[in-house]
Amino acid sequence: MGKLIVVEGLDGSGKGTQSKLLVQSLKEKGLPVLEISFPDYKSDSSALVKMYLGGKFGTRPDDVNAYAASLFYAVDRFSSYKDWEEFYQAGGIVIADRYTTSNAVHQCSKLPEERWENYLDWLFDTEYIKMGIPSPDEVVYLDVDVSIGQQLLTGRYHGNEAQKDIHEKDLAYLQRSRKAAEYCVRRYGWKCISCLNGGMIRSIKEIHTELLMVLGY
Ligand SMILES: Cc1cn([C@H]2C[C@H](O)[C@@H](COP(=O)(O)OP(=O)(O)O)O2)c(=O)[nH]c1=O
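Below is a summary of the structure that appears in this document. (Residues numbered from 1 in each chain as written. Predicted model: local features only at pLDDT ≥ 70, side-chain atom pairs only at ≥ 80, totals over all residues. Heavy atoms only, no water.)

Concerning the packing of helix α1 (residues 15-28) against helix α8 (residues 204-215)
Thought 1: In the contact formed by α1 and α8, the axes pass within 10 Å of each other and the chain directions differ by 60°. With respect to each other, α1 and α8 are oriented oblique. Crossing of α1 against α8: the hand is right-handed. Facing α1, whose interface residues are Thr17, Gln18, Leu21, Leu22, Ser25 and Leu26, α8 presents Ile204, Ile207, His208, Leu211, Leu212 and Leu215.
Thought 2: Split into classes, the residues belonging to the contact of α1 with α8 amount to eight nonpolar, four polar and no charged. (Axes fitted to C-alpha atoms, helices over the stretch in contact; angles between N-to-C directions. Helix = DSSP H or I, 4+ residues; strand = E, 2+ residues; numbered from the N terminus. Parallel < 35°, antiparallel > 145°, perpendicular 65-115°, else oblique. Left-handed = near helix turned anticlockwise from the far one by under 90°. Contact = heavy atoms within 4.5 Å. Nonpolar A, V, L, I, M, F, W, Y, C, P; charged D, E, K, R; others polar.)

A look at the packing of aromatic side chains
Thought 1: Counted under the stated rule, the structure contains 14 aromatic pairs.
Thought 2: The rings of Phe38, Tyr81, Trp84, Tyr88, Tyr99, Phe124, Tyr128 and Tyr188 are connected pair by pair, giving a single aromatic cluster. (Phe/Tyr/Trp six-rings, centres within 6.5 Å; stacked < 30°, edge-to-face > 60°.)

Comments concerning the nonpolar core
Thought 1: Counting 34 residues, the largest nonpolar core has Leu4, Trp84, Tyr99, Ala104, Tyr119, Leu120 and Trp190 as the members making the most contacts within it.
Thought 2: Those elements that place two or more of their residues in this core are β1 (3-9), α3 (66-89), β3 (93-97), α4 (100-108), α5 (116-130), β4 (138-143) and α7 (171-188).
Thought 3: Ranked by residue count, the leading element in this core is α7, at seven residues.
Thought 4: Judged by nonpolar contacts, the second largest core, of 17 residues, contains Val7, Ile93, Ile95 and Leu215. (Core = buried A, V, L, I, M, F, W, Y, C linked by side-chain atoms within 4.5 Å. Buried < 20%, exposed > 50% of the residue type's maximum accessible area, 1.4 Å probe, protein only.)

Listed below in structure tokens is the structure:
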């Protein structure tokens, strides 16, 4: 059995960059490592996720309830697992840029806080037990302020706001997602790295060094 490490964070937190750097560092140490990313946009299994994020079922995140949206992402992960199952079972280290934990962060926020525990129990039972995909060994949450994340996203989309998906366009929704993430950090012992220092985003290298440290590499 291998190891599954998840890099989690809100939109614009730098997860993609940090996942890639982590993979590179572990490769340099000679470890068997594979990078995966969700949603798996290159696969047909992400069709419903694309429809949802593109606004086909409604232009606000709340137009699709937490349970329905979670299942769109869950089936995408089930399909992806077929591609890395063998590597993982043979002892490889899998680095995931988002995972089931993204449902926890981004779908919890559609529910009132008193229903979070119930939803999270359902979510982890559905994906890790009923569907049978692996549960992570480590989850590292990269924490950024929603407004800073938005600035980074605007840069990524070269100022074209129309390119944002229905989650990225909704600031209040992202604020609630951040609260849900903080709840998960406390409840499940996810590791948390603060990506800001004095209101400014820390350097990519600094965050990478801390990421290696919290993971013990
Ligand atoms: C993987 C995953 C993502 N999401 C959300 C988080 C993001 O707001 C959104 C899209 O994922 P994201 O990785 O941000 O895609 P992009 O590369 O287009 O920015 O989907 C979930 O709600 N559940 C999940 O399981």
